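Listed below are the residues making up each chain.
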Amino acid sequence: MYYKKIIYYSDELNDDFSVTKEIKKKIIDDNYNYFRQKNKLYKLWADTLYFIIVKPITKLIMVFGYHTFIHGKRKVRHFRKKGCFIFANHTNYMPDAFTPNHLNWRRNYIITGSEAVNIKGIASLVDALGAIPLPDTIGAARNFKKCISEKISYGDSITIYPEAHIWPYFTKVRPFKKESIKYPIIENCASYTCTTCYKKRKFGKRPRISVYIDGPFYPDESLPKKEMVDKLYDEIYNAMKKRCEEESTYEYYKYIKKEDEKNDSSN
């Protein structure tokens, strides 16, 4: 089988193979403005950029550049009065940034690391398009939580990549920390999974991208908080895991765990 690249890894939680990992992190403190879009002129500019310019262009890039098709968008579209969270596996660069914006007609925001809003020359652009960076101080954390609550109350969606690090063209779902599951529990709202899978194209070596939407998943309020988190985590993780096992059928990059490599060489 043809592999574009072979990657050796040791830690599924912390290994990072992103080309953006060299970008310097920014300290998100009490002075970071999570509420720029309350300014009417800024919101007009941001919405024009998002809906009129970026969405049509990225749609063309997804279809013709990355051969992307999204299955199950209607599952998300019926939400109007209250927003939802989208949990997605993190396996590509531009497709991961573009795909959540095409699930429904409302705005989508993405919870990101601080480096996303510290890219020289386009930091303000990234912010306008919906990046919500994780906070580093107590004051920033308060503003972050308030920002999240406001977006959900407006009926918008917020995408979370709980694996945190990009593993390009990875065909499985990595275990992730349960910290991100707290958001839909705090907001008492629906969650969906957005699972990117890779299939072989009839022509060309780069795979076709098939994205599957599953859900909704709701917090079970009859359970104690820890059990509520565990149950919702299992539902979200298992939904993505099942999709990858059933639909991700082509390895463009081959991932090999270093322990497995040692065992193979000793046999």
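The preceding data block contains the structure.
Residues numbered from 1 in each chain as written. Predicted model: local features only at pLDDT ≥ 70, side-chain atom pairs only at ≥ 80, totals over all residues. Heavy atoms only, no water.

Taken in spatial order, the 7 strands line up as 2-8-7-3-6-4-5 in an open sheet, and their pairing is mixed. Each edge of the open sheet is held by one strand with a lone partner, namely strand 2 (68-71) and strand 5 (131-133). Between one strand and the next, the sheet's axes are offset by a mean angle of 25°, whatever the strand orientation. Note: strand 7 (residues 190-199) against strand 8 (residues 208-217), 8 bridges, orientation antiparallel. Counted as the bridge partner of Cys197 is Ser210 from strand 8. Together, strand 3 (84-88), strand 4 (108-112), strand 5 and strand 6 (157-160) form the strand contacts of helix 5 (residues 138-154), whose direction differs from that of strand 5 by roughly 150°. Taken strand by strand, helix 7 (residues 225-247) contacts strand 3, strand 7 and strand 8, and its axis lies near 20° from that of strand 7. (Pairing = 2+ DSSP bridges. Helix = DSSP H or I, 4+ residues; strand = E, 2+ residues; numbered from the N terminus. Axes fitted to C-alpha atoms, helices over the stretch in contact; angles between N-to-C directions. Contact = heavy atoms within 4.5 Å.)

This part takes up the pattern of salt bridges. Counting across every chain of the model gives 15 salt bridges. A salt bridge links Arg36 to Asp127; the shortest N-O distance between them is 3.1 Å. Of this pair, Arg36 sits in the loop between strand 1 (5-9) and helix 1 (40-65) while Asp127 sits in helix 4 (residues 123-128), and the two are 91 residues apart along the sequence. A salt bridge links Lys182 to Glu179, with the shortest nitrogen-to-oxygen separation between them at 2.9 Å. (Salt bridge = Lys/Arg side-chain N within 4 Å of Asp/Glu carboxyl O.)

Moving on: helix 1. Look at helix 1: 35 Å from first C-alpha to last across 26 residues, which is about the 38 Å you get at 1.5 Å a residue. The sharpest bend along helix 1 comes to roughly 45°, located at Val54, with the proline Pro56 sitting one to four residues further on. Among all positions in helix 1, only Tyr42, Ala46, Asp47, Leu49, Tyr50, Val54, Lys55, Thr58 and Met62 are buried. Next to the buried residues of helix 1 lie strand 2, helix 3 (94-98), strand 4 and helix 4. The N-cap residue of helix 1 is Asn39: its side-chain oxygen and the backbone nitrogen of Leu41 are 3.0 Å apart. Within two residues after helix 1, His67 carries a phi angle of roughly 55°, on the positive side. (Expected span 1.5 Å × (residues − 1). Bend = angle between axes of the 7 residues up to and from the residue. Buried < 20%, exposed > 50% of the residue type's maximum accessible area, 1.4 Å probe, protein only. Polar contact = N/O pair within 3.5 Å; in protein donor to acceptor, adjacent residues only side chain to side chain.)

Before going further, it helps to spend a moment on the environment of Glu115. Among the secondary structure elements, Glu115 is positioned in the loop between strand 4 and helix 4. Relative accessible area serves as the criterion here: at 22%, Glu115 is assigned to the partly exposed category. Along the chain, Glu115 and Arg77 lie 38 residues apart, while their C-alpha atoms are 31 Å from each other.

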